Structure formats: C-alpha cells, structure tokens
Amino acid sequence: MSEAIEVPVITVSVIGAAGRMGSTVCRTLEAAPDTRLVGRYDVGDDLGDLGGADVVVEFSVPGSAAANVAHCIDRGRHVVVGTTGWTQDALTAVSSQLADKPGVGVLIAPNFAIGAILMMSFAQQAARFYESVEIVELHHPDKVDAPSGTAARTASLIARARRDAGLGDVPDATSSDPGGARGARVDGIPVHALRLRGLVAHQEVLLGATGELLTIRHDSFDRVSFMPGVMAGVRQVGDHPGLTVGLENYLGLA
Ligand code: NAD
C-alpha cells in the first residue's frame with residue numbers, strides 16, 4: 001500500500017485582504033496545497049498576533065504599509081510585501097528593526113510578475129549600449145501613487161548600469177517645459193506615467209541609439225499574473241533572513 005506524502009504547510013495571513021491584490025492572494029493561498037490562510041486583515045482591524053501565521057502578505061496602501069510591516073517584524077513574522085511607495089528612509093527603518101530580529105525575513109517587491117522582473121533585468125543589461133532611454137508606465141486610474149514602484153526601480157537599475165558604463169546624462173535639448181510634458185526624472189532617467197481605464201499594469205522601456213530603437217515591454221492583463229511571484233515569496237522568505245528588495249534576488253536574476 002502506498003503512503004500519502006505529507007506536504008509541509010506554511011500558514012499565511014493577508015493584510016489588505018479586501019483589496020484587489022489581497023483578495024486574489026487569499027484565493028491563491030486557499031487553492032495551493034502547501035499554504036493555509038489563517039487570517040484576513042483590512043483597514044481598522046486589530047492585527048494582534050496575525051493569526052499565528054508563519055508568513056504575512058502585505059498589500060495595503062503606501063501610507064500604511066510601513067506600520068503594518070513594523071508590527072509583523074515585532075511579532076517575529078516573516079513578511080512578503082507588495083505595497084509600493086517605499087522611500088529609502090522607510091527601507092532603512094525596516095533594516096534597523098530587523099537587526100534585533102535575526103531570524104526574520106522581509107521581502108519587499110515592487111513587482112511580483114515574473115515577466116516584469118525579466119523586463120527589468122533585460123533593461124539593465126541593455127542600458128549600457130544606448131545613449132537614450134525613457135520609461136513609460138501605464139496603469140489603471142485607481143492607482144494612487146506615481147510613478148509606479150516598478151518604473152522607479154527600473155530607472156534606478158538603468159541609472160546604475162549607465163554610471164558603471166561611464167555614460168553621462170540622457171541627451172535632451174528641452175529648455176522650456178512649463179507643464180512638465182517631459183515627465184518625471186528618477187535617478188536622471190525620464191519616466192512617464194499614464195492612467196487609463198481598462199489597463200492593469202504595463203511598462204515599456206525605450207532605448208534609443210542613432211538609427212535604432214529597442215523597446216522592451218511587459219503587460220500584466222490580470223492580477224493573477226502576480227501570483228506565482230507572491231507564492232515564490234511566501235515559500236522562500238523564511239530562508240532569507242533580513243531585508244530583501246526585489247523578487248529577482250529569489251530567482252537568481254539579481
Ligand atoms: P486596493 O485599494 O484594491 O487594496 C488595498 C486594500 O488595503 C484595501 O482593501 C484597503 O481597505 C486596505 N487598507 C488600507 N489601509 C489599510 C491598513 N492600514 N491596514 C490594512 N489594510 C488597509 O489596492 P490594490 O490594487 O490591491 O494594491 C495594493 C498595493 O499593492 C498598492 O500599493 C499597489 O501599488 C500594489 N501593487 C503591487 C504589485 C506588486 O507586484 N508588487 C502589484 C499590484 C499592486
């Protein structure tokens with residue numbers, strides 16, 4: 001008689017559980033054989049001991065995520081964070097808090113879609129070969145922060161690759177732009193944010209050199225596109241103590 005193989009189960013709570021991402025994460029956790037959803041929390045709920053979860057997934061709003069993550073670390077929970085809008089100061093505060101909790105892992109990922117992580121990696125590889133580069137990020141109009149965390153991170157990665165290659169500023173003769181038509185600058189890289197009903201999450205990186213243009217584009221048509229990345233985070237965060245920024249660090253793409 002063959003014996004049933006027992007799959008170790010990770011218990012998980014979700015903060016922001018009533019939201020678009022949080023509710024999709026809850027459904028995914030419930031359907032997976034190796035995870036058990038033990039708590040759903042949304043605005044106004046007492047997080048308490050987070051249902052005793054091994055791992056907490058955080059998809060709330062930029063103004064609340066830092067306090068929620070601090071609460072989780074304080075209770076010794078591993079945390080997988082998708083909420084965007086993190087500043088360098090807020091990341092530093094997470095690292096300092098983790099110094100007193102050596103076994104706890106926190107993953108903060110601006111984008112959990114595997115294709116988006118590949119897009120960032122490809123853009124970083126291509127950056128040193130092109131004089132010009134601009135980023136266009138396109139999202140649904142209910143998104144509260146701009147530019148997107150993915151666009152900001154892509155810009156930082158490209159800027160670092162350009163610096164390492166000794167490239168200077170992107171060429172741009174604009175001397176008058178009273179309405180900000182040339183977009184924002186993140187680490188010196190132009191970033192343009194579009195908000196359109198019907199979209200989910202999309203990004204193009206346009207790299208230009210004399211006589212050619214390389215476009216790297218990723219589209220998330222549905223929030224389920226983020227779930228394989230979230231589940232990889234849930235399964236691996238316990239093996240990565242300290243703060244990790246970017247899922248690429250769990251996928252061998254850093
Ligand atoms: P949403 O508005 O649909 O959901 C946010 C939820 O958080 C709501 O249910 C809200 O009531 C709840 N909330 C607000 N304050 C809270 C608090 N203090 N504690 C607990 N819950 C609270 O938003 P969404 O589309 O689900 O996106 C959530 C976040 O995830 C945003 O920052 C978004 O940019 C980000 N996001 C990240 C990824 C990624 O791959 N990393 C993908 C999509 C969205």
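For the structure, see preceding data.
Note that the structure is predicted; figures quoted are calculated from it, not measured.

Caption draft 1: Looking closely at the packing of aromatic side chains. Applying the stated rule across the entire model yields 1 aromatic pair. Ring geometry for F59 against F112: centres 5.9 Å apart, planes inclined by 55 degrees, an arrangement best described as tilted. Taken together, the residues F59 in the loop between β3 (55–58) and α2 (62–74) and F112 in the loop between β5 (105–108) and α4 (114–126) connect sequence positions 53 residues apart. The same class applies to F59 and to F112, which are both buried.

Caption draft 2: Layout of the sheet that holds strand β6 (residues 132–139). Read from one edge of the open sheet, 5 strands run β7-β8-β6-β9-β10, paired in mixed fashion. Only two strands of the sheet have a single partner each, and these edge strands are β7 (184–186) and β10 (212–220). Averaged over all pairs of adjacent strands, the angle between their axes in this sheet comes to 25 degrees, without regard to strand direction. In terms of strand pairing, β7 meets strand β8 (residues 189–195) through 3 bridges, oriented antiparallel. What sits directly across from R185, in β8, is P190. Most of the contacts of α4 go to β10, to which it runs at about 160 degrees, and overall it touches β9 (201–209) and β10. Packed onto the sheet, helix α5 (residues 149–164) meets β6, β7, β8 and β9 and runs at close to 170 degrees relative to β6.

Caption draft 3: Structural context of empty space enclosed by the protein. In this structure the tally under the stated criterion is 1 cavity of 30 Å³ or more. In terms of lining residues, the largest cavity is bounded by N111, A116, M119, H139, S148, T150, A201, H202, Q203, H218 and S220. The set of elements that each furnish at least two residues to the lining of the largest cavity consists of α4, β9 and β10. Per-element tally for the lining of the largest cavity: the top contributor is β9, with 3 residues. Among the residues forming the lining of the largest cavity, the class breakdown is 3 nonpolar, 8 polar and no charged.

Cut-offs used in this document
- Residues numbered from 1 in each chain as written.
- Predicted model: local features only at pLDDT ≥ 70, side-chain atom pairs only at ≥ 80, totals over all residues.
- Heavy atoms only, no water.
- Phe/Tyr/Trp six-rings, centres within 6.5 Å; stacked < 30°, edge-to-face > 60°.
- Helix = DSSP H or I, 4+ residues; strand = E, 2+ residues; numbered from the N terminus.
- Buried < 20%, exposed > 50% of the residue type's maximum accessible area, 1.4 Å probe, protein only.
- Pairing = 2+ DSSP bridges.
- Axes fitted to C-alpha atoms, helices over the stretch in contact; angles between N-to-C directions.
- Contact = heavy atoms within 4.5 Å.
- 1 Å grid on protein atoms, 1.4 Å probe; cavity = no way out; pocket = protein on both sides within 12 Å on 5 of 7 lines; lining within 4 Å.
- Points joined across faces, edges and corners; volume = space filled by probe spheres on them.
- Nonpolar A, V, L, I, M, F, W, Y, C, P; charged D, E, K, R; others polar.

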